[in-house]
Amino acid sequence: MIKFYYHERYNEYDLGEDHPLIGDKPRKTLNFLREKGLDRYFEIIEPAPCDERDLERVHTREYIDKIKFLSRIGGYLAVDTPAPKGIFEIASIACGGSKEGAESLMKDCKIAMNPLGGFHHASRDKSSGFCFFNDIAVAIEYVREKYNIKKVAIIDLDVHHANGTQEIYYRDPDVLLISFHQDGRTLYPGSGFIEELGEGDGEGYTINLPFVPGSGNQSYIEAFDEIVPDIIFQFKPEMIVYQSGVDTHHTDPLADMLLTYQAYHMLASRIKKLSEKTCKKLLVLFGGGYNSEASVKSYYNIVCALTGKGKIITEEEIPDTKIEITRERINKLKEVLSWYWSV
């Protein structure tokens, strides 16, 4: 049975009427999945908030206290990230969903989902980009400590580079981070270039592929097939975390990619197969998406792929005029990675 971690308070993760992050997307997503009958294929579980010990495995004490203070009075974590009153508890519940999802993979299921997860801009002691705590790292560090999990692979397909997750694991050879995202010269957070490969023992375990604005389905699918499977099979993860952000959709207001609904089904299907062939433990965190209707339909297609059920939503394909540039970047990345992996 697939497990779906949902709390009604997820919808209080709302940064304001004039902010791109509106808090009703988790509820809308679950309601749409119910309307389409997909909820019969997973168990819905209400998570508890993670505790401060869980947060301290990832974040500094000073940073945690800063979020608690802002949560009491309201204010701003960063210029793009308002901190409404009560955000500490809501962010802790979101982390709890990812933590409990990871734990369920250690016990009795092969796929766990959290629709309010994937806050990859939060590093150990700072953040912006609408993120407060890095639930990805909270979940990973929890199962590493409790269940002695050694090797975790993160496949992050959100349109924004996973800068916070990268900073946390940049020197760690036991956490592989693969991030596909829009080129940082054209989009927040301005990082995630091919040359960013990790440091020290972690060199070679951070893999970034930046796409030029206007890249579409063909670029993403071809890049995935050329890069991801070979490296995942060589790394042999004991758990895979899939940050499935859908702000790469062509209608998303914050970015410039041209993916269509069917791309999300194709990518999720591939990641599911990778999990089945390696560790059989897949944690899916829905990530970003700022056109509400498009996001809900994209998440639906992802869940169709994960459950193997439902009729996927399609739309007219958009010609990918950037595929040749993508191929040049794939070849450049493979050349760099050949020092570390057989690609």
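Shown above is the structure to which this text applies.
Remember, it's a predicted structure, so these values are computed and weren't measured experimentally.

Caption draft 1: Spatial organisation of the overall build of the protein. A tally of regular secondary structure across the protein gives 10 helices and 10 strands. Rg of the C-alpha trace for the protein: 18 Å, near the compact-globule value of 20 Å for 343 residues, within the 12% margin. Dimensions along the principal axes, computed over C-alpha positions, put the protein at roughly 50 × 45 × 40 Å. When burial is assessed residue by residue, the protein has 62% of its 343 residues classed as buried. Residue pairs in contact within the protein that sit at least 24 positions apart in sequence constitute 77% of those at least 6 positions apart. For the protein, the exposed surface amounts to about 13,200 Å²; the carbon and sulfur share of it is 48%. When the 41 positive and 53 negative side-chain charges of the protein are each reduced to one mean point, those points stand 5 Å apart.

Caption draft 2: Broad picture of the packing of aromatic side chains. Across all of its chains, the model carries 16 aromatic pairs by this definition. Their ring planes at 90 degrees and their centres at 5.4 Å tell us that Phe32 and Tyr300 sit as a pair that is edge-to-face. Of the two residues, Phe32 sits in helix α1 (residues 25-35) while Tyr300 sits in helix α9 (residues 292-307), which places them 268 residues apart along the sequence. Just as Phe32 is buried, Tyr300 falls in that class too. An aromatic cluster of three or more residues is present, and its members are Phe4, Phe42, Phe286 and Tyr299. A cation over an aromatic ring shows up here: Lys99 above the ring of Tyr142, its NZ or CZ 4.6 Å from the ring centre.

Caption draft 3: Broad picture of the nonpolar core. Residues Met113 and Phe180 are the most contacted members of the largest nonpolar core, which totals 117 residues. Here the element with the most residues in this core is helix α4 (residues 87-107); it accounts for 10 residues. If we ignore the near neighbours within four places in the chain, the residues touching Met113 are Ile2, Lys3, Phe4, Tyr5, Phe42, Val284, Phe286, Val303 and Leu306.

Caption draft 4: Fine view of the environment of Asp256. Mapped onto the elements of the fold, Asp256 is located in the loop between β9 (239-243) and α8 (261-277). For the pair Asp256 and Arg329, spaced 73 residues apart in the sequence, the C-alpha separation amounts to 18 Å.

Caption draft 5: The side chain of Ser215, seen in detail. Tracing the backbone shows Ser215 in the loop between β8 (206-211) and α7 (217-235). A polar side-chain atom of Ser215 sits 2.7 Å from the main-chain carbonyl oxygen of Val212. Other than its neighbours up to four places away in sequence, Ser215 contacts Met257, Leu258, Leu259, Asp320, Lys322 and Thr326.

Caption draft 6: Broad picture of the side chain of Asp156. Relative to the elements of secondary structure, Asp156 occurs in strand β6 (residues 152-156). There is a polar contact of 2.7 Å between the side chain of Asp156 and the side chain of His120. Ignoring sequence-local partners within four residues, the contact set of Asp156 consists of His120, Ala162, Leu177, Ile178, Ser179, Phe180 and Gln243.

Caption draft 7: Quick peek at the sheet that holds strand β10 (residues 282-285). With respect to topology, 8 strands assemble into an open sheet ordered β2-β1-β5-β10-β9-β6-β7-β8, the strand pairing being parallel. What marks the edges here is a single partner per strand, and that holds for β2 (42-45) and β8. Across the sheet, the axes of successive neighbouring strands diverge by a mean angle of 15 degrees, strand direction being ignored. Of the pairings in the sheet, the one linking β6 to strand β7 (residues 175-182) comprises 5 bridges and is parallel in character. Directly across from Ala153, in β7, lies its bridge partner Leu176. Across the sheet, α4 touches β1 (2-5), β5 (111-114), β9 and β10, and the angle it forms with β5 is around 175 degrees. The sheet contacts of α7 involve β6, β7, β8 and β9, and relative to β7 the element is tilted by about 175 degrees.

Caption draft 8: Here's a closer look at the pattern of salt bridges. In the structure shown here, the tally under the stated rule is 28 salt bridges. Here Lys334 makes a salt bridge to Glu226, at a shortest N to O gap of 2.7 Å. In this pair, Lys334 sits in helix α10 (residues 323-337) while Glu226 sits in helix α7, placing the two residues 108 residues apart along the sequence. Through salt bridges with shared partners, a single ionic network connects Glu52, Glu56, Arg61, Asp65 and Lys68.

Parameters at a glance
Residues numbered from 1 in each chain as written. Predicted model: local features only at pLDDT ≥ 70, side-chain atom pairs only at ≥ 80, totals over all residues. Heavy atoms only, no water. Helix = DSSP H or I, 4+ residues; strand = E, 2+ residues; numbered from the N terminus. Rg over C-alpha atoms; globule rule 2.2 N^0.38 Å. Buried < 20%, exposed > 50% of the residue type's maximum accessible area, 1.4 Å probe, protein only. Contact = heavy atoms within 4.5 Å. Areas by Shrake-Rupley, 256 points an atom, 1.4 Å probe, with all protein chains shown as cover. Lys, Arg positive; Asp, Glu negative; His and termini not counted. Charge placed at Lys NZ, Arg CZ, Asp CG, Glu CD. Phe/Tyr/Trp six-rings, centres within 6.5 Å; stacked < 30°, edge-to-face > 60°. Lys NZ or Arg CZ within 6 Å of the ring centre and 35° of its normal. Core = buried A, V, L, I, M, F, W, Y, C linked by side-chain atoms within 4.5 Å. Polar contact = N/O pair within 3.5 Å; in protein donor to acceptor, adjacent residues only side chain to side chain. Pairing = 2+ DSSP bridges. Axes fitted to C-alpha atoms, helices over the stretch in contact; angles between N-to-C directions. Salt bridge = Lys/Arg side-chain N within 4 Å of Asp/Glu carboxyl O.

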